[in-house]
Amino acid sequence: MLGNVEGSLPLLPGRAEPPSKWPLLAVIVGRKSGEAEPSILEVVMEASNLGSVRQPLVREGIIVLIGDSGVLRVSLGPGGRQSDEQRVALALLASEKVSPVVADRIPWPVSRGTVGLGGWTLERRLPGSPPAALADAIWSECLDFLVALHGVRRGGAALGIAQRAGVVARAVGSEAARTSLRDLGRRLEASLQDVPRGFAHGDFCRGNLLVDGEHLSGVVDWDYADAGQLPLLDLFHLWVNERRVSSRLAVGRSVREQLLPALSAGGDPVFQEYCARIGLDPEPELLLDLGLAYWVVWIARELELYSNRAVRPLWMKENVHVMIDDGARLLR
């Protein structure tokens, strides 16, 4: 059975599962006679020698199996793009001189292969598990990690904020809004052109962190990662998502109501420390432009990766239109 699934795979016989966890789309294959061929997942598990596994984790187009000897990612269709992007990003990191602060927390790939239409990657298994909350000590180690990561392969290609803003502009219906977004992209690209670039994770949030005791033990899911990225975007993403846990705000509304006001006031102390450690002067105007760049980059990525985002009115309202409905003030 292949398709989009929310939450988890169908449970074992005798276990009930609410409808919200059932597959949304499925392909069922039947045979009249003869032995059934092994599934892609069965073939991959045997090829990877994963051993016993926990309950699979299912994302759009990707199944993640945590085994005794490693973590297996099996991708189909669009999920293959994410697996390929993670492979490329980690290969780029592996080619650089990476501090142990970063290297020891990366799920480096052990082996990979293809089976039919599916691809798979076996990663080393890191200790720990996603934390229920981020204690001060973990925040401090996250800061150490992001500062060291940004220092890998500094420089690189420009981020292309104008292009990213164009992606967001194409998703809105108003010509005035499209013009405002394109103008924002060009302005940000000009104002941030001299800001030092570095390596970034791209989706640095609690769900992608592993904690072992009181320490940050791993950072997973590197499919958004790349060199040539603006500073602070990973830290903004962690900060925004931590506040969204309690406020239940969408990313766009959280940027407008929480992040931008904090940056206008000079920024959270963790932002100030990050800037001091990478040698960046944290002027409020620069911080605001970086905050807007974070919003543009993240929303563009979501629109490109998930084709249904642009046709979901509530998602567009809370993530895009909340920022552009009074664009003269918010986007300057």
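The coordinates are above.
Cut-offs and rules
- Residues numbered from 1 in each chain as written.
- Predicted model: local features only at pLDDT ≥ 70, side-chain atom pairs only at ≥ 80, totals over all residues.
- Heavy atoms only, no water.
- Helix = DSSP H or I, 4+ residues; strand = E, 2+ residues; numbered from the N terminus.
- Buried < 20%, exposed > 50% of the residue type's maximum accessible area, 1.4 Å probe, protein only.
- Salt bridge = Lys/Arg side-chain N within 4 Å of Asp/Glu carboxyl O.
- Pairing = 2+ DSSP bridges.
- Axes fitted to C-alpha atoms, helices over the stretch in contact; angles between N-to-C directions.
- Left-handed = near helix turned anticlockwise from the far one by under 90°.
- Contact = heavy atoms within 4.5 Å.
- Nonpolar A, V, L, I, M, F, W, Y, C, P; charged D, E, K, R; others polar.
- Expected span 1.5 Å × (residues − 1).
- Phe/Tyr/Trp six-rings, centres within 6.5 Å; stacked < 30°, edge-to-face > 60°.

**Student:** Would you explain the overall build of the protein in this entry?
**Tutor:** Looking only at helices and strands, the protein features twelve helices and nine strands. A buried classification covers 49% of the 332 residues belonging to the protein.

**Student:** Help me understand the pattern of salt bridges, please; the structure alone is not making it clear to me.
**Tutor:** Side chains that carry opposite charge are capable of pairing whenever their charged atoms lie near each other. One pass over the structure, following the stated rule, counts 16 salt bridges. Salt-bridge contacts for E304 lead to R164; the nearest nitrogen and oxygen are separated by 2.8 Å. Separated by 140 residues along the polypeptide, E304 in helix α10 (residues 284-305) and R164 in helix α5 (residues 161-170) bring together distant segments of the chain. When the shortest N-O distance is used, the salt bridge between R253 and E257 registers 2.8 Å. You can see R253 and its partner E257 sitting in helix α8 (residues 251-264), four residues apart, about one turn around the helix. If you follow the salt bridges from partner to partner, you end up with R73, E123 and D221 in one network.

**Student:** Can you help me understand unusual backbone geometry in this one?
**Tutor:** Leave glycine aside and you will find that most residues have negative phi; peptide bonds, for their part, are mostly trans. Of note, the phi angle at D221 is positive, near 60°, even though the residue is not glycine. Position of D221 among the secondary structure elements: in the loop between β8 (215-219) and β9 (226-229). The exposure class assigned to D221 is buried, which follows from its relative accessible area of 6%. The phi dihedral of L232 falls on the positive side, at around 75°, and the residue is not glycine. Tracing the backbone through its elements, the reader meets L232 in the loop between β9 and α7 (233-247).

**Student:** What is the right way to look at the sheet that holds strand β2 (residues 62-66) in this model?
**Tutor:** Strands belonging to one sheet form pairs held by backbone hydrogen bonds; the direction of such a pair is parallel or antiparallel. One open sheet holds the five strands; their spatial order is β1-β2-β3-β5-β4, and the pairing between them is antiparallel. The sheet is open, and its two borders are formed by β1 (57-59) and β4 (109-115), each paired with just one other strand. Recorded for the sheet is a direction-independent mean angle of 15° between the axes of neighbouring strands. The pairing of β2 with strand β3 (residues 71-76) spans five bridges and is classified as antiparallel. Bridge assignment links L65 to a residue of β3, and that residue is L72.

**Student:** Could you clarify how one ought to interpret the pairing of strand β7 (residues 209-212) in this entry?
**Tutor:** The side chains of a regular strand alternate between the sheet's two faces. Taken together, the four bridges between β7 and β8 define a ladder with antiparallel strand orientation. Across the sheet, the residue bridging to V211 is L216, located in β8. Between β7 and β8, which pair antiparallel and follow one another directly, the connecting turn spans two residues, one of which, G213, has a positive phi of 70°.

**Student:** Explain the packing of α10 against helix α11 (residues 313-324) here, please?
**Tutor:** The axes of two packed helices give the description: the angle between them and the distance between them. Two elements in contact, α10 and α11, have axes whose closest approach is 12 Å; the angle formed by their N-to-C orientations is 145°. The handedness of the crossing between α10 and α11 is left-handed. Contacts between α10 and α11 pair L292, W295, I299, E302 and L303 from the former with W315, M316, N319, V320, M323 and I324 from the latter. A per-class count over the contact of α10 with α11 returns nine nonpolar, one polar and one charged.

**Student:** Explain helix α4 (residues 136-150) here, please?
**Tutor:** Taking 1.5 Å of rise per residue, 15 residues should cover 21 Å, and α4 covers 21 Å from first to last C-alpha, within 8% of that figure. Listed as buried for α4 are I138, W139, E141, C142, L143, F145, L146, V147, L149 and H150.

**Student:** Help me understand the packing of aromatic side chains in this model?
**Tutor:** The geometry of two aromatic rings is summed up by the distance between their centres and the angle between their planes. All chains considered together, the criterion is met by six aromatic pairs. Seen from their ring centres, F145 and F204 are 5.8 Å apart, and the 20° between their planes marks the pair as stacked. A residue pair is termed long-range when its members are at least 10 positions apart, and F145 in helix α4 and F204 in the loop between β6 (198-200) and β7 qualify at 59 residues. With a centroid separation of 5.6 Å and an interplanar angle of 50°, the aromatic rings of W239 and F271 are classed as tilted. Here F271 lies in helix α9 (residues 269-278) and W239 lies in helix α7, a separation of 32 residues in the sequence. Joined through ring pairs, the aromatic side chains of F236, W239, F271 and Y294 make up one cluster.

**Student:** What should I look at first to understand the environment of V53 in this one?
**Tutor:** Among the structural elements, V53 can be located in the loop between α1 (40-48) and β1. When its relative accessible area of 33% is taken as the criterion, V53 is described as partly exposed. Placed twelve residues apart in sequence, V53 and L65 show a C-alpha to C-alpha distance of 6.2 Å. Not counting residues within four places of it along the chain, the set of residues in contact with V53 comprises M45, L65, I66 and G67.

**Student:** Just checking my understanding: could you explain the pairing of β2 for this structure?
**Tutor:** In terms of burial, β2 is largely enclosed, as four of its five residues are buried. Relative to β2, β1 is paired through three bridges, and the arrangement is antiparallel. In the sheet register, L57 faces β2, and the bridge partner there is V64.

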